[in-house]
Amino acid sequence: MKSRILNFRTIVQTITFSLALSMIACKGEPKKEETTMPEETKKRIQLVADEAGKKVDVMIDGNLFTSYQYPQNIKKPVLYPLVTPKGTKITRKFPLEPSEGERVDHPHHVGVWFNYGDVNGLDFWNNSDSIAVEKREDYGTIIHKSIEATEDGDDEAQLKVSMEWQAPNGDILLNENTTFVFRGKDNVYTIDRITKLTANKEDVLFKDNKEGMLGIRVTRALELPSDEPVVFTDASGNPTPVAVLNNEGVNGNYINSDGIEGLDTWAKRSKWVNLHSTIGDEKIALVVMDHKDNVGYPTYWHSRGYGLFAANPLGQNVFSKGKETLNFELKKGESTTFKHRIVIANGDVSSEEINTMHDDFVK
């Protein structure tokens, strides 16, 4: 019996001693705090590549601003659509999206594009799938080659791409390297397009031509009112002749940096032009700015009432009615760079405010 009591005491003492050692050990170790790794903070302005869809979406605060698109059927890469800070698309949908009540003219007018009407005798501006096969030898195509870099950011995002200006036989006339800089805050979004063109294996002549260079085709509400007969898309997207236009909700107007308005801005030089309108109760300003480093600055403007809004620095002979001639040329291996800023804003934007933006752009 005594032996059993001693064994029991020994067991209890052993357990007690072990617990004491354990408590001492725990007391001596620093307490470990549970930590969780924070999720990576997403940037305000994001570029989302979609290789299968042949596009890169530009998102601001989770909403689509525009997309860099390069499908084969439109003969050049474009930005499409343009969306205001309030979420309204201001580019014409035809021919990329089915729509009702839009003009079906000029199928080569798609979103925002950059090309020219006479490059070594080839027409890059007017090329589209609508050109008859037997006539395509007169047209050039701009081919997207690669996305060189993308960078998201809270203040801005950058997209760098490379393209080739090709003749119908595949010869490369120009190598293009373009950087897009996207910014957006409050009621003002902007796009800087910085385009470097390099003559590839031969001299390249940009003969003075009306059709060029940075173009935008806007939605019906940003057009200038007109009563001319025209062909429009119906509810099924089919072309339908319209004898007299309905101008309800159509109240676009141009004003340039010299205060000239309306259709009088066409064939005038100026450092910027503002196409402004109202859709519902949403005031919209679409401004295109030229840069002092560009050839032909300040550019001539190809500003039409039917929705074509273009800056053309190389069409001097046409716009000046023969008083000026440029015929800009790049020798083999030479380069030139064009810089433009596009502003999409909600609300009233004064000429003074645009001048301030332009001063900032050209610094």
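Basis of the calculations
Residues numbered from 1 in each chain as written. Predicted model: local features only at pLDDT ≥ 70, side-chain atom pairs only at ≥ 80, totals over all residues. Heavy atoms only, no water. Core = buried A, V, L, I, M, F, W, Y, C linked by side-chain atoms within 4.5 Å. Buried < 20%, exposed > 50% of the residue type's maximum accessible area, 1.4 Å probe, protein only. Helix = DSSP H or I, 4+ residues; strand = E, 2+ residues; numbered from the N terminus. Contact = heavy atoms within 4.5 Å. Pairing = 2+ DSSP bridges. Axes fitted to C-alpha atoms, helices over the stretch in contact; angles between N-to-C directions. Phe/Tyr/Trp six-rings, centres within 6.5 Å; stacked < 30°, edge-to-face > 60°. Polar contact = N/O pair within 3.5 Å; in protein donor to acceptor, adjacent residues only side chain to side chain.

Undergrad: Lay out the nonpolar core with the relevant residues and their values.
TA: In this structure, F182, F206 and L286 are the most contacted members of the largest nonpolar core, which totals 56 residues. In terms of residue count, the dominant contributor to this core is strand β7 (residues 156–166) (five residues). F206 has contacts with Y116, D118, V119, L174, L197, L314, N327, F328 and L330, leaving out every residue within four places of it along the chain. W272, A285, I354 and V362 belong to the second-largest nonpolar core, a separate cluster that totals 10 residues.

Undergrad: Talk me through the sheet that holds strand β15 (residues 272–279); I want residue IDs and the actual numbers.
TA: In spatial order, the strands read β6-β7-β8-β9-β20-β16-β15-β14; together these eight strands make up an open sheet with antiparallel pairing. Since the sheet does not close on itself, it has two edges, and those belong to β6 (141–151) and β14 (253–256), each with one partner. Sheet twist, expressed as the average angle between the axes of neighbouring strands with direction ignored, equals 20 degrees. Helix α3 (residues 351–362) rests against β9 (188–199), β14, β15, β16 (282–290) and β20 (335–346) of the sheet, and its axis sits at about 40 degrees to β16.

Undergrad: For unusual backbone geometry, give the residues involved together with the corresponding values.
TA: The omega angle of the peptide bond from F94 to P95 is 5 degrees, so this bond is cis rather than trans. Topologically, P95 is positioned in the loop between β4 (78–79) and β5 (112–116). Between Y297 and the following residue, P298, the backbone shows a cis peptide bond with an omega angle of -10 degrees. The topology assignment puts P298 in the loop between β16 and β17 (300–303). Not every positive phi belongs to a glycine, and K54 is a case in point at roughly 55 degrees. Phi angles above zero are rare outside glycine, and A267 is one such case at about 65 degrees.

Undergrad: Tell me about the packing of aromatic side chains, residues and numbers included.
TA: Taken as a whole, this structure holds 14 aromatic pairs when the rule is applied. On the basis of an interplanar angle of 55 degrees and a centroid distance of 5.7 Å, the ring pair of F114 and F338 is categorised as tilted. Of this pair, F114 sits in strand β5 while F338 sits in strand β20, and the two are 224 residues apart along the sequence. An identical accessibility class is assigned to F114 and F338; each is buried. Measuring from centroid to centroid gives 6.0 Å for F180 and F182, while their planes differ by 15 degrees, and the two rings are stacked.

Undergrad: Could you give an account of the environment of H144, with specific residues and numbers?
TA: Note that H144 resides in strand β6. Separated by 90 residues in the primary sequence, H144 and K54 have C-alpha atoms spaced 9.6 Å apart. Apart from residues lying up to four places away in sequence, H144 is in contact with Y68, Y70, P77, V161, S162 and M163. Within the structure, the side chain of H144 is placed 2.8 Å from the side chain of Y68, a separation counted as a polar contact.

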